[in-house]
Amino acid sequence: MTNLNTAFDVAEKYLDIPKMLDAEDIISTLRPDEKAVMTYVSCYYHAFSGKQKAETAANRICKVLAVNQENEQLMEHYEKLASDLLEWIRRTIPWLENRMPENTMQAMQQKLEDFRDYRRLHKPPKVQEKCQMEINFNTLQTKLRLSNRPAFMPSEGKMVSDVNNAWGNLEGAEKGYEEWLLNEIRRLERLDHLAEKFRQKAAIHEAWTEGKEDLLQKRDYETASLSEIKALLKKHEAFESDLAAHQDRVEQIAAIAQELNELDYYDSPSVNARCQRICDQWDALGAMSMKRAEALQRTEKLLETIDQLYLEFAKRAAPFNNWMEGAMEDLQDTFIVHTIEEIQGLSTAHEQFKATLPEADKERLAILGIHNEIAKIVQTYHVNMAGTNPYTTINPQEINAKWDKVRQLVPQRDQALIEEHARQQNNERLRRQFATQANIIGPWIQTKMEEIGRISIEMHGTLEDQLTHLRQYEKSIVNYKPKIDQLEGDHQLIQEALIFDNKHTNYTMEHIRVGWEQLLTTIARTINEIENQILTRDAKGISQEQLNEFRASFNHFDR
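Remember, predicted model here, so these are calculated numbers, not experimental data.

## Describing the overall build of the protein chain
- A count of helices and strands for the protein chain gives 16 helices and zero strands.
- At 63 Å, the protein chain has a C-alpha radius of gyration far larger than the 24 Å of a compact globule built from 559 residues.
- Seen through its C-alpha atoms, the protein chain measures out along the principal axes to roughly 160 × 130 × 30 Å.
- Per-residue burial for the protein chain yields a buried fraction of 32% across its 559 residues.
- Long-range contacts, defined as pairs at least 24 residues apart, comprise 84% of the intrachain contacts of the protein chain with a sequence gap of at least 6.
- Surface summary for the protein chain: the accessible area is close to 35200 Å², and the carbon and sulfur share equals 53%.

## Remarks on the packing of aromatic side chains
- Under the criterion given, the structure shown has 11 aromatic pairs.
- Judged by centre distance (5.9 Å) and plane angle (25 degrees), the rings of Trp-323 and Phe-353 are stacked. Separated by 30 residues along the polypeptide, Trp-323 in helix H9 (residues 304–332) and Phe-353 in helix H10 (residues 340–355) bring together distant segments of the chain.
- The class of Trp-323 is partly exposed, set by a relative accessible area of 29%.
- The rings of Phe-320, Trp-323, Phe-353 and Trp-403 are connected pair by pair, giving a single aromatic cluster.
- The ring of Trp-208 carries Lys-212 above its face, with NZ or CZ at 4.8 Å from the centroid.

## Remarks on the environment of Glu-178
- Relative to the elements of secondary structure, Glu-178 occurs in helix H5 (residues 160–209).
- In the structure, Glu-178 is positioned 358 residues away from Thr-536 in sequence and 114 Å away in space, judged by C-alpha atoms.

## Notes on unusual backbone geometry
- If you check the backbone angles, Asp-16 has positive phi at about 60 degrees while not being a glycine.
- Within the fold, Asp-16 resides in the loop between helix H1 (2–14) and helix H2 (23–28).
- Exposure remark for Asp-16: the relative accessible area of 68% places this residue in the exposed category.

## Focus: the packing of H5 against helix H7 (residues 226–262)
- Packing of H5 against H7 brings their axes to within 10 Å, and their N-to-C directions diverge by 150 degrees. Judged by the inter-axis angle, H5 sits roughly antiparallel to H7. Note that H5 runs across H7; the crossing there is left-handed. Contact with H5, carried on its side by Arg-190, Leu-191, Leu-194, Ala-195, Lys-197, Phe-198, Lys-201, Ala-202, Ile-204, His-205 and Trp-208, involves Phe-239, Asp-242, Leu-243, His-246, Arg-249, Val-250, Gln-252, Ile-253, Ile-256, Ala-257, Glu-259 and Leu-260 of H7 and no other residues of that element.
- Split by residue class, the contact of H5 with H7 holds 14 nonpolar, three polar and six charged.

## Details of the confidence of the model for the protein chain
- Here the protein chain averages 82 in pLDDT, and 94% of its residues register 70 or above.
- Looking at the elements of the protein chain, mean pLDDT is at its lowest for helix H16 (residues 544–558), recorded as 76, and at its highest for H1, recorded as 89.

## Focus on the side chain of Arg-413
- For Arg-413, the location among the structural elements is in helix H12 (residues 396–458).
- We note that Arg-413 is buried and unpaired, the nearest opposite charge coming from Asp-333 at a distance of 5.6 Å.
- Not counting chain neighbours up to four residues away, the residues in contact with Arg-413 comprise Asp-330, Leu-331, Asp-333, Phe-335 and His-350.

## What to know about the nonpolar core
- One finds Ile-441, Trp-444, Ile-445, Ile-477, Leu-487, Ile-512 and Trp-516 to be the most contacted residues of the largest nonpolar core, which totals 28 residues.
- Sorting the residues of this core by element identifies H12, helix H13 (463–478), helix H14 (481–496) and helix H15 (509–540) as the ones contributing at least two each.
- In contact with Ile-441, other than residues within four places in its own chain, are Tyr-480, Lys-483, Ile-484, Leu-487 and Ile-512.
- Judged by nonpolar contacts, the second largest core, of 24 residues, contains Ile-89, Tyr-118, Phe-137 and Tyr-177.

## Comments concerning the packing of H13 against H15
- As a packed pair, H13 and H15 sit with axes 10 Å apart at the nearest point and diverge in direction by 165 degrees. For the element pair H13 / H15, the angle class is roughly antiparallel. Here H13 runs over H15; the crossing is left-handed. Residue-level contacts link Leu-463, Glu-464, Gln-466, Leu-467, Leu-470, Arg-471, Tyr-473, Glu-474, Ile-477 and Val-478 of H13 to Trp-516, Leu-519, Leu-520, Ile-523, Thr-526, Ile-527, Ile-530, Glu-531, Gln-533, Ile-534 and Arg-537 of H15.
- Here the residues of the contact of H13 with H15 sort into 13 nonpolar, three polar and five charged.

Calculation notes
Numbers given for residues are sequential positions, taken from 1 along each chain in its written order. For this predicted model, a pLDDT threshold of at least 70 governs which residues receive local features, and a threshold of 80 or more governs which side-chain atom pairs are given and counted, while totals over whole chains, interfaces and linings are taken from all residues. In computing side-chain properties, one takes all heavy atoms of the structure into account and sets aside hydrogens as well as water. Secondary structure elements follow DSSP: runs of H or I of four or more residues count as helices, runs of E of two or more count as strands, with numbering from the N terminus. For the radius of gyration, the atoms used are the C-alpha atoms, and the globule rule reads 2.2 Å times the number of residues raised to 0.38. Accessibility here uses a 1.4 Å probe with only protein chains present; expressed as a share of the type maximum, an area under 20% marks a residue as buried, one over 50% as exposed, and anything in between as partly exposed. The contact criterion used throughout is that any non-hydrogen atoms of two residues lie within 4.5 Å. Note on areas: Shrake-Rupley, 1.4 Å probe, and residue coverage restricted to the protein chains presented here. Stacked, edge-to-face and tilted are the three classes for Phe, Tyr and Trp ring pairs, Trp counted by its six-membered ring, which pair at centre distances within 6.5 Å; planes under 30 degrees apart are stacked, over 60 edge-to-face, the rest tilted. For a lysine, the NZ atom is tested; for an arginine, the CZ atom; a charge sits over a ring if that atom is within 6 Å of the ring centre and within 35 degrees of the ring normal. Axes here mean lines fitted to C-alpha atoms, for a helix over just the part in contact, with angles spanning 0 to 180 degrees between N-to-C directions. In these notes the angle categories are as follows: under 35 degrees is roughly parallel, over 145 is roughly antiparallel, 65 to 115 is roughly perpendicular, and the rest is oblique. Handedness of a helix crossing follows the sense of rotation of the near helix relative to the far helix, less than a right angle counterclockwise being left-handed and clockwise being right-handed. Basically, the charged four are Asp, Glu, Lys and Arg, the nonpolar ten are Ala, Val, Leu, Ile, Met, Phe, Trp, Tyr, Cys and Pro, and anything else, Gly included, counts as polar. Per residue, pLDDT measures the predictor's confidence, with a range of 0 to 100. In this tally, Asp and Glu contribute negative charge and Lys and Arg positive charge; neither His nor the terminal groups of the chain are included. When a carboxyl oxygen of Asp or Glu is within 4 Å of a side-chain nitrogen of Lys or Arg, the pair counts as a salt bridge. In this text, buried Ala, Val, Leu, Ile, Met, Phe, Trp, Tyr and Cys residues form a nonpolar core when linked through side-chain atoms within 4.5 Å.

Okay, here's the thing in structure tokens:
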């Protein structure tokens, strides 16, 4: 009843459907009028059906408005992108068309770096904007065409074709700018290369000429010896050859300076001034070189006589000096010998050396005689000999000093050989002393080891008798210890004397020690076995006859 009344009231109030039935009539009647109910229901249907169409129409209108708003936004976005791109292109093209060259490579490289930044940082976002603008334009035109709307016409000068034309002009300027940059950099590289080449060659030439004028003006030949004069002549000939070789460099320097002038190098004045200084100095060096060559040739002829005597002195002094240096080295050389035979060989060689000393003294006097003859000639003919012998650095004072040193070292060597001979004799005595004892003790230890081996197998009598016998045997071995100690003392003396070999024996102290320790260990182990057998016998109650039987059986199988 409540539901029906609510439905009828709402329909009448909000849907303009008049009230056709009462709720009581429907409820109280077993079968309500079907046509009346259907008529009422159809009114509801028509009311709701009309409202749904209105909503559909409203939705369509909203959708059309939304599409139009979106299209207008795309138009505005296109216009903004096109304006921004055209403005950016307008500002960029003059920069790319600027062809004002720079004087330095660094400035041009900075321009190239700016261009690379433009390519890498500034242009890519603009490419994206251009692409987005074209996408927006195509999308907008498609939407307008699908909506049966007129095509979009951008503002004047902002068509896609206008932007593309401007973009083409930009890329044309960009390509031309890049080509100009690379050509200009190559030109500056060429200029910089030529300028650097000029500076390097000029610096090398100036370094080479540094001090050459002072060298050519020196009068060192006035106090030089003949060998020094010849050396100066050879040196000057080498200088003249070097001078001729440097002619090519001077010509190259002038040619490079000329090329820099032709290429309009910005620092040409300083290049020309430096080139002129080099050419003027070159002419002066040629004149001074010729003058020095004439002076050297005149001086050479004055010193040829003395040179022969200098040469003779040098030829004989050098081998004699080498002989003395070798003799001093041999006389002072430390020697290490280990046998009497080796020290005897050294003594024999030393005696042979002493036999050559008289003949060596004659050669020394002959060499000093040549030097005295040179001094006599210099004094007689008043020759200006400011220098020394050019063929050798050896002088008479040095020869006499070394000869005195040799004479002083001979008795010292004699004393050292005598002392070493005595030491080797003492070493030989120590070797023989050790070998005598070692050759006795070594076999004795071996014999005792064999005896113990036999005793452990062949023992007879009671265990107590065997134990007594073994302890007496052990005592006899221990009593031999003083001889081992004596041998240790001899070995200590050998070590202190640094003796490393002994041809008189094959035994070493290490062999003796090991053998002695094995001997003591073996006799102690044998005694311990007998003691254990006694303990076993007493614990088990085994008779002496049973033990003997066991031992005989064991020894049989042991053998």
